[in-house]
Each structure stands twice: as structure tokens, then as C-alpha cells.
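Survey of secondary and tertiary structure
Each chain, letter by letter, is given below.
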Amino acid sequence: MEGGPSRPRSVNPMEDIEHIEKPLKLIDENGIRLDGRKFDELRPVRIEAGVLKKADGSAYLEWGNNKVLAAVYGPREAHPRHLQNPTKALVQCRYNMAPFSVTDRKRPGPDRRSVEISKVISEAFAAVVFAEQFPRTSVDIFIEVLQADAGTRCAGLTAASVALADAGIPMRDLVTACASGKIGGRVVLDLNKDEDNFGDADCPMAIVPRTGEIVLLQMDGHLSLDEFDEAMNLSIGAARRIYEIQRDALRRRYAPSAEAALAAAAVEAQAPPPPMEAPPPPPPEDPDVMREVDDL
């Protein structure tokens, strides 16, 4: 009937299938993840040491899409003075994410998450720095996340470790961090942003590679005991690979200085010895003295 109210057209569910929200498949049947990595594969890691001239030590790290800058100042006098410890140095860390580091602009300034990460990183480095050698001082670590793509606490800790070594802070060893987690019922290494947001669990950890000591361990989510052991083994194996990247960055930083020192030493060793000075001539004989001796 013309002019009458029109009935709403019924929609066939099959016609509207494109509007149905589909679950995100993080890993396929062959164990390949969204970014093409296997379950035990790291994202690319690159580290450069000594990138800031004004800091005592610094490092820049790219870990996948993460970009992190770390700077170290000290040991220097701790302020305010009531925080000074007469027996050892304070190891203080400030972790911060830049407002432009994420898709949705982050509100500037510290929040609960950054305060927590700053605290656990400070405690991790306090376990390896020889703080007893610098009483009443402070070693200040600043970590700036320029671009974030999950795993920023591990990336920041790894960069800060290189910056501490670049500053000449005595430590038992470098500290290396990596995270493992669970996606689609499978334990995997080094989660990216989508895997961290939609996965089942995330377990960041940091170790001292030389001793195997664990200085940071956290977990968000649920893992069985066997899954936790598998995640630990994946993270420890990856941390030892990252450890070699850290050492290589420091070697590249100081190789030119070492080569110049060796070349100078070699030139000095090949140079002919300076000529020996001739002994001074004997004083002239006084004839009056000689005559007196003859008379005796």
C-alpha cells in the first residue's frame, strides 16, 4: 500500500557477516605469529652506546618497533642530603614514556605504571652495582621510551645496563632482560603489542648472565607450572643472545680508543732510545795543589 509505513527489511545473518567481530588469531597451526616470527624468535635488536655527550654514560636501543634512550649520571652527591647513605650509593631510576610514544597521546608526567617500573629497575641494578665504593652518592638512571610496542621495561633495562657500563660504573656484570608469554594456548618469546594486549599471559624477567641470577621477575596472567618453566627457559636463552649484542655495542664504542692507544704504544716501542748523555769532563788540575802533594 502506497504511503503506508514501510516495514524494516530483515537482514540475513550471512549477508551481514562482514560486520561480525572476528577473534584475532595471534598464532596459526604452524606456529607462525602475526609478524611472521616463530614461537622462539626475537624481534630485531640494535644497541648503540655513547650517543649523548652531556651524560656520563648513554645508550640507544631499537627492539622491534621499540625505541629507547637511556642516560646515566654519577656517581654524584645525592640530593636532598637526608637521602644520603653513609655506607653506599643510591641507585635511582626514572622510567618515562614520551607522550608521542603510543598511538593515543599519553598524558605527560609519571603515573602508577611508570613509578612501578622505575622501582623494579632500580632494585634490579642495585643488586649488581658495587654501591659500597661510593658512599653518600647517587647513581641516576634515566630511561625515555620514544616509541613503544610492548616490552618497554625489558628494553629500557637492557639499554640502561649498557649506559651504566658506558659511564664506567663498576658492576658485577651487565643485566639483560626479555619477556615471554602465552598466546593462543602456546608459550612464545618476546611479545609484541597485539600479543601483549590480547594474549593470555606476559612474564618479563631480567638476569645477570655471568651468574644466572634473576634480578627481576613479574607475571601478568596465568601460566601452569610447565608453561612457566618453558617461558623461563625461552627468556634465559634469549637474554644470553641479547647479552652478546650488549657487549658488541660496548666493544664498538671503545674499539677506536683502544686501537689508538695500542698504536701509540707500538710507535713508542719502535722509537730508538734517546742518546745517552756523555759524562761531564773531569775538572782541570790545579798546579798549586799538585805541587803541595808532591812536597808531602
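Calculation rules
Residues numbered from 1 in each chain as written. Predicted model: local features only at pLDDT ≥ 70, side-chain atom pairs only at ≥ 80, totals over all residues. Heavy atoms only, no water. Helix = DSSP H or I, 4+ residues; strand = E, 2+ residues; numbered from the N terminus. Buried < 20%, exposed > 50% of the residue type's maximum accessible area, 1.4 Å probe, protein only. Contact = heavy atoms within 4.5 Å. Areas by Shrake-Rupley, 256 points an atom, 1.4 Å probe, with all protein chains shown as cover. Expected span 1.5 Å × (residues − 1). Pairing = 2+ DSSP bridges. Axes fitted to C-alpha atoms, helices over the stretch in contact; angles between N-to-C directions. Polar contact = N/O pair within 3.5 Å; in protein donor to acceptor, adjacent residues only side chain to side chain. pLDDT = per-residue confidence, 0-100. Phe/Tyr/Trp six-rings, centres within 6.5 Å; stacked < 30°, edge-to-face > 60°. Lys NZ or Arg CZ within 6 Å of the ring centre and 35° of its normal. Core = buried A, V, L, I, M, F, W, Y, C linked by side-chain atoms within 4.5 Å.

**Focus: the overall build of the protein chain**
Secondary structure assignment for the protein chain yields five helices and ten strands. Every one of the 296 residues in the protein chain was classed for burial, and the buried ones make up 39%. A separation threshold of at least 6 residues defines the contact pool for the protein chain, and within that pool the share at least 24 residues apart is 67%. Of the roughly 18200 Å² that the protein chain leaves accessible, carbon and sulfur atoms contribute 55%.

**Description of helix α2 (residues 152–166)**
An ideal rise of 1.5 Å per residue puts 21 Å on 15 residues; α2 measures up with 21 Å between its terminal C-alpha atoms. The buried fraction of α2 amounts to 14 of the 15 residues, a majority that puts the element mostly inside the structure. Among the residues trailing α2, G168 stands out with phi positive, at a value near 80°.

**Quick word on the environment of L250**
Mapped onto the fold, L250 is located in helix α4 (residues 225–270). Residue L250 is classed as buried on the basis of its relative accessible area, which comes to 15%. Sequence separation of L250 and A59 is 191 residues, and the distance between their C-alpha atoms is 9.6 Å. Beyond its immediate stretch of four places on either side in the chain, L250 contacts A49, V162, A165, D166 and L174.

**Side note on the sheet that holds strand β1 (residues 45–49)**
If you trace the five strands from one edge of the open sheet to the other, you get β1-β2-β3-β5-β4, paired in mixed fashion. At either margin of the open sheet sits one strand with a lone partner, and together these are β1 and β4 (90–97). This sheet shows a mean twist of 15° between the axes of neighbouring strands, independent of strand direction. Pairing of strand β3 (residues 66–77) with strand β5 (residues 137–147), which is carried by nine bridges, proceeds in the antiparallel orientation. Counterpart to L69 in the pairing with β5 is E144. Taken strand by strand, helix α1 (residues 112–126) contacts β4 and β5, and its axis lies near 145° from that of β4.

**Topic: the pairing of β3**
In this sheet, β3 lies alongside strand β2 (residues 57–63) in antiparallel orientation, the contact comprising seven bridges. Bridged to E62 within β3 is K67. The loop that links β2 with its antiparallel partner β3 comprises two residues; one of these, G64, has a positive phi angle of about 65°.

**Details of α1**
When the terminal C-alpha atoms of α1 are compared, their 21 Å separation across 15 residues agrees well with the 21 Å that a helix rising 1.5 Å per residue should span. Among the residues of α1, those classed as buried are S114, I117, S118, V120, I121, S122, A124 and F125. On its buried face, α1 is in contact with β4, β5, α2 and β9 (213–217).

**Description of the side chain of S138**
In this structure, S138 sits in strand β5. The buried category is assigned to S138, whose relative accessible area is 2%. Polar contacts involving the side chain of S138 include one to the side chain of Q92, which spans 2.8 Å. Separated by 2.6 Å, the side chains of S138 and D140 make a polar contact.

**Looking at the confidence of the model for the protein chain**
Averaged over all residues, the pLDDT of the protein chain is 88; the fraction at 70 or higher stands at 87%. Of all secondary-structure elements in the protein chain, the lowest mean pLDDT belongs to helix α5 (residues 287–295), at 58, while β2 reaches the highest, 98. Note that pLDDT drops below 50 for residues 14–22; the model gives that stretch three contacts with residues more than four away or on any other chain.

**A few points about the pairing of strand β7 (residues 186–189)**
For strand β6 (residues 176–183) and β7, the ladder comprises four bridges, and the chain directions are antiparallel. What sits directly across from I183, in β7, is R186. Taking the residues that link successive antiparallel strands as the turn, the β6-β7 hairpin has two residues, and the phi of G184 there is positive, at about 55°.

**What to know about the packing of aromatic side chains**
In this structure the tally under the stated criterion is one aromatic pair. On the numbers, 5.9 Å between centres and 80° between planes, the contact of Y73 with F142 is edge-to-face. Here Y73, found in strand β3, pairs with F142, found in strand β5; they are 69 residues apart in sequence, far enough to count as distant. For F142, a relative accessible area of 29% translates into the label partly exposed. A cation over an aromatic ring shows up here: R186 above the ring of F39, its NZ or CZ 4.3 Å from the ring centre.

**Some thoughts on the nonpolar core**
Counting residues in each nonpolar core, the largest one holds 57 residues, and the members touching the most others are F125, I141 and L157. For L157, the residues in contact, after removing those within four places along its chain, are I121, A124, F125, I143, V175, A177, A206 and L216. Counting five residues, the second largest nonpolar core, distinct from the first, contains L26, I27, V188 and L191.

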